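Analysis of the macromolecular model
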Amino acid sequence: MKRKPILLFGFPALILLILAGERAATFLLGTYPASPAMWWIWLELRPLSTMFWEQVDFYLGGSMVLDAVIVTAASIVCWMACRARKSAAFFLANHVALLFAALMIASSSHSETASTIAAFTTPSGLPFSLMLDFTWRNSLVLLLGTAACAYCHVAFLGEARQRYEALTVQLIALQRDL
């Protein structure tokens, strides 16, 4: 099976588009504060990227140009990783994007009504709860991320099988020659 770089790049691109869309909506909301469409877009995208942009703005300043450079650089790195010959690069890009999406959903869930509250008890007996917001949007992002990672596993295992078959053919040819 030949891997398709565009399919491998799909989920990291979705996460980067969400981040870029939220920044664009923030900029346009500052330009057109009375626009209901801008408010709707911003309110839809903000929970998925709140913590990331707050940390970037805190440590690097609140520059939209710097935010655009970060998203562009991440896009280029992810695209190069998905086109790399080594399997670990695309594997890492997709799995980091899934972990990033899950972290963003988990960290932004405290600001919304949680649909699931799970209570846990540590081995020392200290109880704590984990609130996650499983809206249709968050569930869809996590489902797409899981599907992208499953495709990574299929592509990785397919390439490993091809390498194994090529090595087996070479070993048989070497045995025959000896």
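The notes below deal with the structure included here. Since this is a predicted model, take the numbers as computed values, not measurements. (Residues numbered from 1 in each chain as written. Predicted model: local features only at pLDDT ≥ 70, side-chain atom pairs only at ≥ 80, totals over all residues. Heavy atoms only, no water.)

1. Quick look at empty space enclosed by the protein
This is how the line gets drawn: With a 1 Å grid laid over protein atoms only, a set of points is called a cavity when a 1.4 Å probe fits there but cannot get out and a pocket when it is open yet has protein on both sides within 12 Å along at least five of seven lines; lining residues have an atom within 4 Å of a point. Grid points are joined across faces, edges and corners, and a volume is the space filled by probe spheres set on the points. The secondary structure listing takes helices from DSSP runs of H or I that are at least 4 residues long and strands from runs of E that are at least 2 residues long, numbered from the N terminus. Residues are grouped as follows: Ala, Val, Leu, Ile, Met, Phe, Trp, Tyr, Cys and Pro are nonpolar; Asp, Glu, Lys and Arg are charged; every other residue, Gly included, is polar.
Scanning the entire structure with this criterion turns up one cavity of 30 Å³ or more. Lining the largest cavity are Ile 15, Ile 18, Leu 19, Leu 48, Ser 49, Phe 100, Ala 101, Met 104, Ile 105 and Val 141. Of all elements in the fold, only helix H1 (5-31), helix H2 (36-60) and helix H4 (87-108) reach the threshold of two or more residues within the lining of the largest cavity. Among the elements that take part in the lining of the largest cavity, H4 stands out by supplying four residues, more than any other. Residues that form the lining of the largest cavity fall into these classes: nine nonpolar, one polar and no charged.

2. Description of a nonpolar patch on the surface
Convention followed: Surface patches are defined over residues having more than 30% relative accessible area and no salt bridge, joining like charges when they lie within 9 Å and nonpolar side chains (Val, Leu, Ile, Met, Phe, Trp, Tyr) when within 5 Å. Shrake-Rupley sampling with a 1.4 Å probe provides the accessible areas, and residues are treated as covered by the protein chains on show and by no other component. Each reported salt bridge corresponds to a side-chain nitrogen of Lys or Arg within 4 Å of a carboxyl oxygen of Asp or Glu. Per-residue accessibility, obtained with a 1.4 Å probe over protein chains only, is compared with the maximum for each type, and a residue is labelled buried under 20%, exposed over 50%, and partly exposed between these values.
A cluster of nonpolar residues, Trp 136, Leu 140, Leu 143 and Leu 144, forms a patch on the protein surface that exposes about 470 Å² of accessible area. Positionally, Leu 144 belongs in helix H5 (residues 136-177). The partly exposed category is assigned to Leu 144, whose relative accessible area is 40%.

3. A short note on the packing of H2 against H5
How we decide: In this analysis an axis means a line fitted to C-alpha atoms, helices contributing only their contacting stretch, and an angle means the value between N-to-C directions, from 0 to 180 degrees. Note on angle classes: values under 35 degrees are labelled roughly parallel, values over 145 roughly antiparallel, values of 65 to 115 roughly perpendicular, and the remainder oblique. By the definition used in this description, the sense in which the near helix is turned from the far one sets the handedness, with an anticlockwise turn below a right angle giving left-handed and a clockwise turn giving right-handed. A contact between two residues is defined here by any heavy atoms of the two lying within 4.5 Å.
Between H2 and H5, whose axes approach to 11 Å, the crossing angle comes to 50°. Between H2 and H5, the crossing angle belongs to the class labelled oblique. The chirality of how H2 crosses H5 is right-handed. Between H2, through Glu 44, Pro 47 and Leu 48, and H5, the contact on the second element is made entirely by Arg 137, Asn 138 and Val 141. Counted by class, the contact of H2 with H5 contains three nonpolar, one polar and two charged residues.

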